[in-house]
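Observations on chain architecture
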Amino acid sequence: QVQLVDSGGGLVQAGGSLRLSCAASGSIFSISAMGWYRQAPGKQRELVAANTRGGSTNYADSVKGRFTISRDNAKNTVYLQMDSLKPEDTAVYYCNARRLDEVGVHDYWGQGTQVTVSS
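Quick caveat: nothing in here was measured; it's all calculated off a predicted structure.

With that settled, consider the overall build of the protein chain. The number of helices and strands found in the protein chain is zero helices and eleven strands. Starting at the N terminus and walking to the C terminus, you meet the elements of the protein chain as β-β-β-β-β-β-β-β-β-β-β. In terms of C-alpha radius of gyration, the protein chain reaches 14 Å, essentially the compact-globule figure of 14 Å for 119 residues. Counting contacts in the protein chain only where the partners sit at least 6 residues apart, residues at least 24 apart contribute 54% of the total. With an accessible surface of roughly 6300 Å², the protein chain has 50% of that area assigned to carbon and sulfur atoms.

Shown next, in the form of structure tokens:
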């Protein structure tokens, strides 16, 4: 079992920056990848950025060059640095952890943190 607590959202002007944090606890050594998803009103939840234990990263095309995912292994925390924010970035952002075991793939989610970007 993995527990995730995400935070750092808020209200920001277009062009501004925010940094989201996600603290993981529980079976942290079993996590194979962590990432951030977002869900805007009336839209499906989409992958924003992901980071695997092997060090590879993936970004949605819409955020490439603006967002950066990173981790602090000592603190069991992953971050999403968001720069040059746009109104279309407005969404609830969810931290995600993926765990693979003998049963299959398991996903765990934070409670979500609201990001609102005003024009």
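With that settled, consider the pattern of salt bridges. In this structure the tally under the stated criterion is six salt bridges. Note that K64 is salt-bridged to D61, the shortest N-O span being 3.1 Å. This pair shows no difference in class: K64 is exposed, exactly as D61 is. Counted as one network, the salt bridges with shared partners bring together R38, E46, R66 and D89.

Take the sheet that holds strand β7 (residues 67-72) next. Ordered by their spatial adjacency, four strands build an open sheet running β1-β3-β8-β7, and the pairing between neighbours is antiparallel. Among the strands making up the open sheet, the edge pair consists of β1 (2-7) and β7. With direction set aside, neighbouring strand axes in the sheet form an average angle of 20 degrees.

A word on the pairing of strand β8 (residues 77-82). Within β8, five of the six residues are buried, which leaves it mostly tucked inside the rest of the structure. Bridge count between strand β3 (residues 18-26) and β8: six bridges; the pairing is antiparallel. Opposite L20, over in β8, you have L80 as the bridge partner. Note: β7 against β8, six bridges, orientation antiparallel. For S70, the partnering residue across the bridge sits in β8 and is Y79. Hairpin remark: β7 followed by β8, antiparallel, with four residues in the connecting loop; positive phi at N76, about 50 degrees.

About the thresholds
- Residues numbered from 1 in each chain as written.
- Predicted model: local features only at pLDDT ≥ 70, side-chain atom pairs only at ≥ 80, totals over all residues.
- Heavy atoms only, no water.
- Helix = DSSP H or I, 4+ residues; strand = E, 2+ residues; numbered from the N terminus.
- Rg over C-alpha atoms; globule rule 2.2 N^0.38 Å.
- Contact = heavy atoms within 4.5 Å.
- Areas by Shrake-Rupley, 256 points an atom, 1.4 Å probe, with all protein chains shown as cover.
- Salt bridge = Lys/Arg side-chain N within 4 Å of Asp/Glu carboxyl O.
- Buried < 20%, exposed > 50% of the residue type's maximum accessible area, 1.4 Å probe, protein only.
- Pairing = 2+ DSSP bridges.
- Axes fitted to C-alpha atoms, helices over the stretch in contact; angles between N-to-C directions.

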